[in-house]
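Chains, contacts and geometry: an overview
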Amino acid sequence: MQVPFLFVIIRELVRCFNSFYYLCTVMANMKSLAKDTAIYGLSSIVGRFLNYLLVPLYTQTMSAESGGYGVITHMYAMTALILVLLTFGMETTFFRFANKGDEDPRRVFSTALIGIGSSAILFFVLVLLFIVPVSDFLGYADHPSYVSAMALTVAIDAVRAIPFVYLRQQRKAIKFAALQLLNIAVNITLNLIYYVLMDGDDPGYAFYINLVSSTVITLCLYKEFMGIRYGYDGKLM
């Protein structure tokens, strides 16, 4: 009678150990999740605050009569909408498939990158082909370079969105936040150089600077771009 009793004791001890191990694992994951969420949230809040500092810079350096700041806000409002359309919710889709046990995150990343990259290139080529009517429709017939610069920036940002999502999926929160803040730092620095040190007042330079900062950050993601074997899986799209 002692053997079954001893067996019951051992079984209950094993169950307790498994429950304790599971609880420790959950707590560790929650701690890691909270840490990553704090990094993402803090970088977003700081980024928005720093970008807000550009508003008084533009309003002080561009006269109200020129309408320069209105041009910037109008263009950015349109590009925000276009960026949403170009990515068409691929960030959420990426997380959905990349976190599946039977899907290779690198294959999902490659498929998403090719899909978004193709649509971004097509968008930019179409804008260049119809730059005159597009600029005239948007009210920038005298400044088609504004439209082309922002179209290229949107295309780059759409492609860049996928590596940033990949960083989050790989739980590289520090690199994600560092690149986001670097993008803002480059943007603000170049704006200060042109609008303050060089006493500039052309709103178009805000778009050119944005293009430069987007390009710099995209180049910083070269490891993500080069670190996978490219292939396209139509079933994931």
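The structure under discussion appears in the preceding block.
Since the model is a prediction, treat every value here as computed from it, not as a measurement.

Among the structural elements, threonine 218 can be located in helix H9 (residues 204-220). Leave out the neighbours within four places in its chain, and threonine 218 touches Ile156, Arg160 and Phe225.

Before going further, it helps to spend a moment on the pattern of salt bridges. Across all of its chains, the model carries two salt bridges by this definition. Ionic pairing is found between arginine 160 and aspartate 157, a salt bridge with its closest N-O pair at 3.3 Å. Here arginine 160 and its partner aspartate 157 are both found in helix H7 (residues 144-169), three residues apart, which amounts to about one turn of the helix. Overall, the relative accessible area of 9% leaves arginine 160 in the buried class. Classification of aspartate 157 as buried rests on a relative accessible area of 15%. For lysine 175, the salt bridge goes to glutamate 224, with nearest N and O atoms at 3.1 Å. Taken together, the residues span a long stretch of sequence, with lysine 175 in helix H8 (residues 173-197) and glutamate 224 in helix H10 (residues 222-226) at a distance of 49 residues. For glutamate 224, a relative accessible area of 5% puts it in the buried group.

Mapped onto the fold, serine 135 is located in helix H6 (residues 131-138). What makes serine 135 buried here is its relative accessible area of 1%. Among the polar contacts made by the side chain of serine 135, one reaches the main-chain carbonyl oxygen of isoleucine 131 at a distance of 2.6 Å. Look past the residues within four positions of serine 135 in its chain and what remains in contact with it is Tyr140, Ala141, Pro144 and Val147.

Now for the packing of helix H5 (residues 105-129) against H7. Relative orientation of the contacting elements H5 and H7 amounts to 175°, with a least axis distance of 9 Å. One way to sum up the angle between H5 and H7 is to call them roughly antiparallel. Residues Pro105, Arg106, Phe109, Ala112, Leu113, Ile116, Gly117, Ala120, Phe123, Phe124, Val127 and Leu128 of H5 form the contact with H7, whose own contacting residues are Val147, Ser148, Ala151, Leu152, Val154, Ala155, Ala158, Val159, Ile162, Pro163, Tyr166 and Gln169. Taken together, the residues of the contact of H5 with H7 sort by class into 20 nonpolar, three polar and one charged.

Tallied over the entire structure, the rule returns ten aromatic pairs. Ring geometry for tyrosine 76 against phenylalanine 207: centres 5.9 Å apart, planes inclined by 90°, an arrangement best described as edge-to-face. Highlighted residues: tyrosine 76 in helix H3 (residues 68-87) and phenylalanine 207 in helix H9, separated in sequence by 131 residues. Measuring from ring centre to ring centre gives 5.4 Å for tyrosine 205 and tyrosine 208, while their planes differ by 75°; the resulting arrangement is edge-to-face. Placement of the pair is tyrosine 205 and tyrosine 208 together in helix H9, with a separation of three residues, close to one helical turn. Exposure remark for tyrosine 205: the relative accessible area of 35% places this residue in the partly exposed category. Given the relative accessible area of 26%, tyrosine 208 is considered partly exposed.

Turning to the environment of threonine 79, a few remarks are in order. By secondary structure assignment, the location of threonine 79 is in helix H3. Owing to a relative accessible area of 10%, threonine 79 belongs among the buried residues under this scheme. Excluding anything up to four places from it in sequence, threonine 79 contacts Met150 and Val154.

A few words on the environment of isoleucine 188. As for its position among the elements, isoleucine 188 is in helix H8. Isoleucine 188 gets classed as buried once you look at its relative accessible area, which sits at 16%. C-alpha separation for the pair isoleucine 188 and leucine 57, spaced 131 residues apart in sequence, amounts to 9.9 Å.

Each value, and the rule that gives it
- Residues numbered from 1 in each chain as written.
- Predicted model: local features only at pLDDT ≥ 70, side-chain atom pairs only at ≥ 80, totals over all residues.
- Heavy atoms only, no water.
- Helix = DSSP H or I, 4+ residues; strand = E, 2+ residues; numbered from the N terminus.
- Contact = heavy atoms within 4.5 Å.
- Salt bridge = Lys/Arg side-chain N within 4 Å of Asp/Glu carboxyl O.
- Buried < 20%, exposed > 50% of the residue type's maximum accessible area, 1.4 Å probe, protein only.
- Polar contact = N/O pair within 3.5 Å; in protein donor to acceptor, adjacent residues only side chain to side chain.
- Axes fitted to C-alpha atoms, helices over the stretch in contact; angles between N-to-C directions.
- Parallel < 35°, antiparallel > 145°, perpendicular 65-115°, else oblique.
- Nonpolar A, V, L, I, M, F, W, Y, C, P; charged D, E, K, R; others polar.
- Phe/Tyr/Trp six-rings, centres within 6.5 Å; stacked < 30°, edge-to-face > 60°.

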